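This is what each chain is made of:
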Amino acid sequence: MDAMTAWDDAAGLPVLDVGQVVALERRIAAEGTSLYELMRRAGAAVAEAACAETAAAEAARAKAAAGPGNAAPGEAAAMQPATAPAEAAPEPSSVVVLAGSGNNGGDGWVAASLLAGRGANVTLVTKAPAGQVRAEPARTAAIDACSGPGTPRFTIAVDPDAAQLDALLSRADVVVDAVLGTGFAHREVREPYATWIDAANRARRTTGVRVVAVDVPSGLNAQTGESADSCVQADVTVTMLAAKPGLLTAGGKAQTGRLFLAPLGCDA
Ligand SMILES: NC(=O)C1=CN([C@@H]2O[C@H](COP(=O)(O)OP(=O)(O)OC[C@H]3O[C@@H](n4cnc5c(N)ncnc54)[C@H](OP(=O)(O)O)[C@@H]3O)[C@@H](O)[C@H]2O)[C@H](O)CC1
Ligand SMILES: [K+]
């Protein structure tokens, strides 16, 4: 995977409208790199970012455990210097991947498989089993993650109730938000995704779990930067190919956390 770059400001950052990104994906596919290959690269970038967030999660948990005289987990996280994903990033010990049924979720299935392969204890939350994922190449990615001897190497939680989800999140170091990406442009998030998003935000506030958003924080309109009624508050967002305009609005920046660009081996 090519290196990711952190962008503290937008100067020099490639930015494409959502429609332009879709057109670019099609052009890349026509030139011989399949959408599935792009998804594999996207999932790898997310797995790297999740590993880099582990140290931050451990520091935030230590602060929280030390008592009320310390900064709250969210505040502690905000004050820490950002850590760029690197080869030497520590392995995450416990990761929850929230995977929607679109291609944003497909990136999550790839990341879950890679993180589990690196020894992390991974639970992937999904509305439906791999074979019932509707979008392609997400369905292929999900099925591949479950095919072959010894797979899946992670736990799959199909449509957990709110209490089960809270329990999973309370034990996590890192949450990967792969619920909704550039395909979402609505004011209201339907269930079960609204419950997932609200639970992830609550866990971030209360346990110091770090939230890594895939492409865009779920619930954010990637084009306009408007938040839906439920919207993920991320610590890190790994955006694919190019930044989308909504990430760079004031509202988008408030949800995105530190922004990383994963070029996926392609020029935007
Ligand atoms: N740019 C790239 O190079 C690559 C991007 N990839 C990833 O793909 C997503 C875009 O995927 P897409 O399938 O187009 O859309 P999303 O996954 O973002 O969203 C589709 C799902 O949205 C659900 N939906 C729609 N409306 C609502 C709503 N009001 N409330 C809740 N959910 C909603 C819908 O759910 P269903 O239950 O109806 O199925 C869809 O499933 C991009 O962001 C990248 O992450 C690839 O990796 C390839 C490379
Ligand atoms: K997302």
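Residues numbered from 1 in each chain as written. Chains lettered and ligands numbered in written order. Predicted model: local features only at pLDDT ≥ 70, side-chain atom pairs only at ≥ 80, totals over all residues. Heavy atoms only, no water.

Engineer: Sorry if this is basic, but what is going on with the packing of helix α6 (residues 162–170) against helix α7 (residues 193–207) here?
Structural biologist: Working note: a packed helix pair is described by the angle between its axes plus the distance between those axes. At a minimum axis separation of 10 Å, α6 and α7 run at an interaxial angle of 40 degrees. Pair α6 / α7 crosses with right-handed handedness. In contact with Ala162, Leu165, Asp166, Leu169 and Ser170 of α6, α7 contributes Thr195, Trp196, Ala199, Ala200, Arg202, Ala203 and Thr207. Taken together, the residues that form the contact of α6 with α7 break down as seven nonpolar, three polar and two charged. (Axes fitted to C-alpha atoms, helices over the stretch in contact; angles between N-to-C directions. Helix = DSSP H or I, 4+ residues; strand = E, 2+ residues; numbered from the N terminus. Left-handed = near helix turned anticlockwise from the far one by under 90°. Contact = heavy atoms within 4.5 Å. Nonpolar A, V, L, I, M, F, W, Y, C, P; charged D, E, K, R; others polar.)

Engineer: Would you explain the layout of surface pockets in this entry?
Structural biologist: Remark: the empty space left among the atoms is shown by a probe the size of a water molecule rolled over them. Here the largest pocket is characterised by a volume of approximately 930 Å³. In terms of lining residues, the largest pocket is bounded by 38 residues, among which Gly102, Asn103, Asn104, Thr182 and Gly183 are the most central. Sort the elements by how many residues they give to the lining of the largest pocket and helix α1 (residues 18–30) lands first, with five residues. Its residues placed into classes, the lining of the largest pocket shows 17 nonpolar, ten polar and eleven charged. (1 Å grid on protein atoms, 1.4 Å probe; cavity = no way out; pocket = protein on both sides within 12 Å on 5 of 7 lines; lining within 4 Å. Points joined across faces, edges and corners; volume = space filled by probe spheres on them.)

Engineer: How should I be thinking about the packing of helix α4 (residues 103–117) against helix α5 (residues 138–145) in this particular structure?
Structural biologist: Two elements in contact, α4 and α5, have axes separated by 8 Å at closest approach and are oriented at 20 degrees. With respect to each other, α4 and α5 are oriented roughly parallel. Considering the relative orientation of α4 and α5, their crossing is left-handed. Contacts between α4 and α5 involve Asn103, Gly106, Trp109, Val110 and Ser113 from the former and Ala138, Ala141, Ala142 and Ala145 from the latter. Classifying every residue of the contact of α4 with α5 gives six nonpolar, three polar and no charged. (Parallel < 35°, antiparallel > 145°, perpendicular 65-115°, else oblique.)

Engineer: Can you help me understand the coordination of the potassium ion (ligand 2) in this one?
Structural biologist: Angles at a metal have ideal values that depend on geometry: 109.5 degrees with four tetrahedral donors, 90 or 180 degrees with six octahedral donors. Only Asn104 (OD1), Asp177 (O), Leu180 (O), Val214 (O), Val216 (O) and Ser218 (OG) from the protein coordinate the potassium ion (ligand 2), and they sit 2.6 to 3.0 Å from it. The coordination sphere of the potassium ion (ligand 2) comprises six donor atoms, whose angles at the metal cover 66 to 171 degrees; the geometry is irregular. Sequence positions of the donors to the potassium ion (ligand 2) reduce to the motif N-x72-D-x2-L-x33-V-x1-V-x1-S. Taken as a pair, Asp177 in strand β5 (residues 174–178) and Ser218 in the loop between β6 (210–214) and β7 (236–240) lie far apart in primary sequence, 41 residues in all. (Donors = N, O, S within 2.8 Å, 3.2 Å for Na, K, Ca; no water. Tetrahedral: all angles 85-135°; square planar, octahedral: opposite > 155°, others 65-115°.)

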